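The chain contents come next:
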Amino acid sequence: MVKSVETLERLFAESHPKSIALYESGKSVMPGGGMKSLGYSPALYIDRAEDCYMWDIDGHKYVDWINNACAMILGHSPKGVVAALDKIVHNGIVFGAPNAYEKPIAEHLCKRIPSMDKVRFTNSGTEALMNTIRLVRAYTGKPKIAKFEGGFHGTTDDAEVSIAPPLENAGSDESPNAVADSKGINQSTIDNVVVMPYNDSEAVDLILRENKDDIAAVFYDPKSGNYEIPHEFLRFVANKCKELGIIFVMDEVKSLRVAYGGYQQLAGVDPDLTTMGKLVGGGMPVGAFGGKSYIMDMMDNTKGVTGISSGGTYSANPMTLAAGLAHMEEATPEVYDHLKQLGERLRVGLEDVFSRSDVPARIVATENIMSAHMTPDPVRNYRDILKFDREMRRRLMLGMMLEGHYARELQEITTSAPMTNDTVDDFLASLEKVLQDKD
Ligand SMILES: Cc1ncc(COP(=O)(O)O)c(C=O)c1O
């Protein structure tokens, strides 16, 4: 059944007066009242977090299944990260000079992701993509990039294309139009982005062949725990790029959390370049991009100007690098095994709980990330997503929050190291209750 959205909104408002007041008060100084969760109004303000738990400013405790958009694989305030930060906080914080934390984390990443010889750091995943887009154009001399409809690569202009286009502008299934996702993006930018459909090898083959002389690189978001895409499709795309002389870029900003060596390890591909972020910073703002020396060395301006550069006041700052290395050193293959085992328990449980309810759902999981899509049908691409029951997503989100689980709209929920089988079972029991509840 699930309580009605009106009842759930009312129950939320009654029990979260401080969050609601803070949200309202923010409207005078921030457009829309705040920075996060605006699409999930009424916003929930978190006071503190520890392990897999968070507490809001009204005093409610939640299990955190979002983990800062998949970034926090070890939960909140992991001890190694706190110790690393503590040292630097008392040691000057940041200086406009190289620091000794650069090499160890670069080395760690290149070992962890064997396709990468060399790496550079930025302040966000978006910046990593921004630099990589420029790099592939500079390296190949070609003007365009290609991406998949529904694929997300951050918020730089070239990347905010056809993430969620209105269907009436989106073109045919086999040959999608490039559509700006935001006002303010120039048409000349859109003209230099080629959009392809996920899960359609024939269409990809045709589009890449037709545009191979103009496409510098294909950017691939694996849509972990979101779309159902067999590894064969990714391997097909990577091989096609090799065949046609197009650079293949694997966007692992999110998917570095699905396996120790990222999604590329799961699928067995060897990309030319990889973009990263999120867990690489251990909770600090971060992005990174890396790959084959023969491409990355274009960023080396020490022996003379190569015509391409990347920098930034806070890029590779000691706090980010030390926290990131501590985070990744603690996120061992054994930790990934634990997250996967919990993920499998959660996936099976979700299938089971929804099958005993009157709410149709499609569970899509990649190791430790998963979504319960409000549709009975397969979710193989962006256009399948449009069939969702959006109101039901909102009802489940509010219902689960009121039960003490921060799982947003059951989209890209994640397990974290401090969780146990009991955490998963408690979530499933709460979901069962929410699904059976009536007004
Ligand atoms: C696949 C992918 N690429 C890029 C980004 C952008 O990263 P950031 O939010 O750090 O700019 C994200 C963020 O969610 C992402 O999931």
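Residues numbered from 1 in each chain as written. Predicted model: local features only at pLDDT ≥ 70, side-chain atom pairs only at ≥ 80, totals over all residues. Heavy atoms only, no water.

> Would you mind showing me how to read helix H12 (residues 318-330) here?
One turn of an α-helix holds 3.6 residues; hence residues three or four places apart share an orientation. When the terminal C-alpha atoms of H12 are compared, their 18 Å separation across 13 residues agrees well with the 18 Å that a helix rising 1.5 Å per residue should span. For H12, every residue scored as buried is listed here: Pro318, Met319, Thr320, Leu321, Ala322, Ala323, Gly324, Leu325, Ala326, His327 and Met328. In this fold, the buried residues of H12 make contact with helix H4 (79-89), helix H5 (102-112) and strand E4 (118-122). N-cap assignment for H12: the residue whose side-chain oxygen lies 3.0 Å from the backbone N of Met319 is Asn317. (Helix = DSSP H or I, 4+ residues; strand = E, 2+ residues; numbered from the N terminus. Expected span 1.5 Å × (residues − 1). Buried < 20%, exposed > 50% of the residue type's maximum accessible area, 1.4 Å probe, protein only. Contact = heavy atoms within 4.5 Å. Polar contact = N/O pair within 3.5 Å; in protein donor to acceptor, adjacent residues only side chain to side chain.)

> Hey, could you run me through the site of the ligand in this one?
Every residue close to the ligand is listed here: Ser124, Gly125, Thr126, Phe152, His153, Gly154, Asp251, Val253, Lys254 and Lys278. At 2.8 Å from an oxygen atom of the ligand is found a main-chain nitrogen or oxygen belonging to Gly125. Between the ligand and Thr126 there is a distance of 2.7 Å, counted from an oxygen atom to a side-chain nitrogen or oxygen. Starting from 390 Å² of accessible surface for the ligand in isolation, the protein chains cover 81%. Per-class residue counts for the shell around the ligand are 2 nonpolar, 5 polar and 3 charged. (Near = heavy atom within 4 Å. Areas by Shrake-Rupley, 256 points an atom, 1.4 Å probe, with all protein chains shown as cover. Nonpolar A, V, L, I, M, F, W, Y, C, P; charged D, E, K, R; others polar.)

> Please explain the confidence of the model for the protein chain as it appears in this structure.
Should the pLDDT be low somewhere, the predicted coordinates at that spot are not to be read in detail. Per-residue pLDDT for the protein chain has a mean of 96; in total, 99% of the residues score no lower than 70. Here the prediction assigns the complex a pTM of 0.97, and the interface score ipTM is 0.99. (pLDDT = per-residue confidence, 0-100.)

> Honestly, the pairing of strand E6 (residues 193-196) in this entry has me stumped. Any pointers?
Looking along a regular strand, one sees the side chains alternate between the two faces of the sheet. Of the two faces of E6, both are covered, the one formed by Val193 and Val195 as well as the one formed by Val194 and Met196. Both strand E5 (residues 144-148) and E6 contribute to a ladder of 4 bridges, which runs parallel. Bridge pairing in E6 links Phe148 to Met196. (Pairing = 2+ DSSP bridges.)

> Would you mind showing me how to read the nonpolar core here?
One broad rule of soluble globular proteins: the nonpolar side chains tend to lie buried together. Among the nonpolar cores identified, the biggest contains 38 residues, and Trp65, Leu346, Leu350, Phe354, Leu396, Ile413 and Phe427 are the most heavily contacted of them. Only helix H1 (5-15), strand E3 (61-64), helix H13 (333-355), strand E12 (369-373), helix H15 (390-402) and helix H16 (421-436) provide two or more residues apiece to this core. Membership of the second largest hydrophobic core comes to 32 residues, among which are Cys70, Phe233, Cys241 and Val258. (Core = buried A, V, L, I, M, F, W, Y, C linked by side-chain atoms within 4.5 Å.)

> How should the pairing of strand E11 (residues 362-366) be read in this particular structure?
Note: E11 against E12, 5 bridges, orientation antiparallel. Among the inter-strand pairings, Ala365 is bridged to a residue of E12, identified as Met370. In sequence, E11 turns back onto E12 through a hairpin of 2 residues, with Glu367 there showing a positive phi of about 55 degrees.

> Please explain the environment of Leu256 as it appears in this structure.
Locating Leu256 in the fold gives a position in the loop between strand E8 (247-251) and helix H10 (263-267). Residues Leu256 and Arg120, spaced 136 residues apart in sequence, show a C-alpha to C-alpha distance of 16 Å. Other than its neighbours up to four places away in sequence, Leu256 contacts Ile113, Gly261, Gly262, Met276, Leu279, Val280 and Tyr336.

> For this particular structure, what's the right way to read the packing of H13 against H16?
Two quantities define a packed helix pair, namely the angle between the axes and the distance from one axis to the other. Close contact between H13 and H16 brings their axes to 10 Å; oriented N to C, the two are set at 20 degrees. Taken as axis vectors, H13 and H16 run roughly parallel relative to one another. The interaxial crossing formed by H13 with H16 has right-handed handedness. Residues Gln341, Leu342, Arg345, Leu346, Gly349, Leu350, Val353 and Phe354 of H13 lie in contact with H16, whose contacting residues are Asn421, Val424, Asp425, Phe427, Leu428, Leu431, Glu432 and Leu435. For the contact of H13 with H16, the per-class residue count stands at 10 nonpolar, 3 polar and 3 charged. (Axes fitted to C-alpha atoms, helices over the stretch in contact; angles between N-to-C directions. Parallel < 35°, antiparallel > 145°, perpendicular 65-115°, else oblique. Left-handed = near helix turned anticlockwise from the far one by under 90°.)

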